[in-house]
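# A look at the structure
Next come the chains, spelled out residue by residue.
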Amino acid sequence: MPSGFAPNAVAEISAALTALLADLFALYVKTKNFHWHVSGPHFRDYHLLLDEQSEQIFAATDAIAERVRKIGGVTLHSIGEIARLQRVADNDRQYVAAQHMLAELCEDNAQLAVRLRSAHSLCDEHGDVASESLIENWIDEAEHRVWFLYEATRVDPGT
């Protein structure tokens, strides 16, 4: 391997990062879906927030795929593969209230952060500090999205 990692390390790290990549693509499409379909009194704010978040999510996809390739692994090839690997549930409902959209994305991003931490631990076990470093940034981004979505869904800020 050009990366110097053992074949089992390449396989395990590649599988973890590829599953995260599928999740990010699914979360990107879901966030864009809600961006396109949000309505209500806070339309402008939510529309812009979801657009910013979708851009941030999409920006991470290339870095993840390239990291898999750098260590000698193979990553996603198709939409079908994304569908098989994604752990983020789709939402195809015709109408979703804005507060429900934000709450759903908040939970999705929180679960993504959990999965990112798990991948970070795996990378640590194999001494893949470069992947760890990238993942740390993605954890921070996911937590930042959770924070914004959570605060936007709070009815009574005193609670």
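Up top you'll find the structure we're talking about.
Everything in this summary refers to the structure shown in the same document. Model, not experiment: these values are computed from the prediction. (Residues numbered from 1 in each chain as written. Predicted model: local features only at pLDDT ≥ 70, side-chain atom pairs only at ≥ 80, totals over all residues. Heavy atoms only, no water.)

## Concerning the overall build of the protein chain
This is how the line gets drawn: Put simply, DSSP marks the helices as runs of H or I at least four residues long and the strands as runs of E at least two long, and each gets a number from the N terminus on. Exposed residues in this analysis have more than 50% of their type's maximum accessible area, buried residues have under 20%, and partly exposed residues fall in between, with area computed by a 1.4 Å probe over protein chains only. In what follows, residue pairs with any heavy atoms lying within 4.5 Å of each other are defined as contacts. None of His or the chain ends enter the tally, which takes Lys and Arg as positive and Asp and Glu as negative. The atom standing in for a charge is NZ when the residue is Lys, CZ when it is Arg, CG when it is Asp and CD when it is Glu.
Of the regular secondary structure elements, the protein chain holds five helices and zero strands. Starting at the N terminus and walking to the C terminus, you meet the elements of the protein chain as α-α-α-α-α. Expressed along its principal axes, the backbone C-alpha trace of the protein chain runs to roughly 55 × 35 × 20 Å. Across the 159 residues of the protein chain, 45% fall into the buried class. Pairs at least 24 residues apart make up 81% of the contacts formed inside the protein chain by residues separated by at least 6 positions. Taken as two groups, the 13 positive and 24 negative side-chain charges of the protein chain have centres that lie 4 Å from each other.

## Focus: empty space enclosed by the protein
Condition: The definitions used throughout rest on a 1 Å grid laid over the protein atoms alone, on which a cavity is an enclosed set of points accommodating a 1.4 Å probe that cannot get out and a pocket is an open set flanked by protein within 12 Å on both sides along at least five of seven lines; lining residues are those having an atom within 4 Å of a point. Grid points are joined across faces, edges and corners, and a volume is the space filled by probe spheres set on the points.
For the structure shown, the criterion picks out one cavity of 30 Å³ or more. Quantified by volume, the largest cavity comes out at close to 40 Å³. Considering the residues around the largest cavity, the lining is formed by Leu 24, Gln 56, Ile 57, Ala 60, Leu 112, Leu 116, Trp 138, Glu 141 and Arg 145. Only helix 2 (43-70), helix 4 (98-125) and helix 5 (129-153) provide two or more residues apiece to the lining of the largest cavity.

## What about the layout of surface pockets?
Going by this rule: Amino acid classes used here: Ala, Val, Leu, Ile, Met, Phe, Trp, Tyr, Cys and Pro are nonpolar; Asp, Glu, Lys and Arg are charged; the rest, including Gly, are polar.
Quantified by volume, the largest pocket comes out at close to 250 Å³. Contributing to the lining of the largest pocket are Phe 25, Ala 26, Val 29, Lys 30, Asn 33, Ile 79, Ile 82, Ala 83, Gln 86, Asp 90, Asn 91 and Asp 92. Elements with a contribution of two residues or more to the lining of the largest pocket: helix 1 (7-37) and helix 3 (79-85). Residue composition of the lining of the largest pocket, grouped by class: six nonpolar, three polar and three charged.

## Brief notes about the packing of helix 1 against helix 2
Inclusion rule: A fitted line through C-alpha atoms represents every axis, and for helices the fit uses only the stretch in contact; the resulting angles, taken between N-to-C directions, go from 0 to 180 degrees. For this classification, under 35 degrees means roughly parallel, over 145 means roughly antiparallel, 65 to 115 means roughly perpendicular, and everything else is oblique. Crossing handedness follows the turn of the near helix against the far one: under a right angle anticlockwise gives a left-handed crossing, and clockwise gives a right-handed one.
Taken N-terminus to C-terminus, the directions of helix 1 and helix 2 make an angle of 160 degrees; their axes are 9 Å apart at the nearest point. The angle between helix 1 and helix 2 places the two elements in the roughly antiparallel class. Read as a crossing pair, helix 1 and helix 2 show a hand that is left-handed. Split into classes, the residues belonging to the contact of helix 1 with helix 2 amount to 14 nonpolar, eight polar and three charged.

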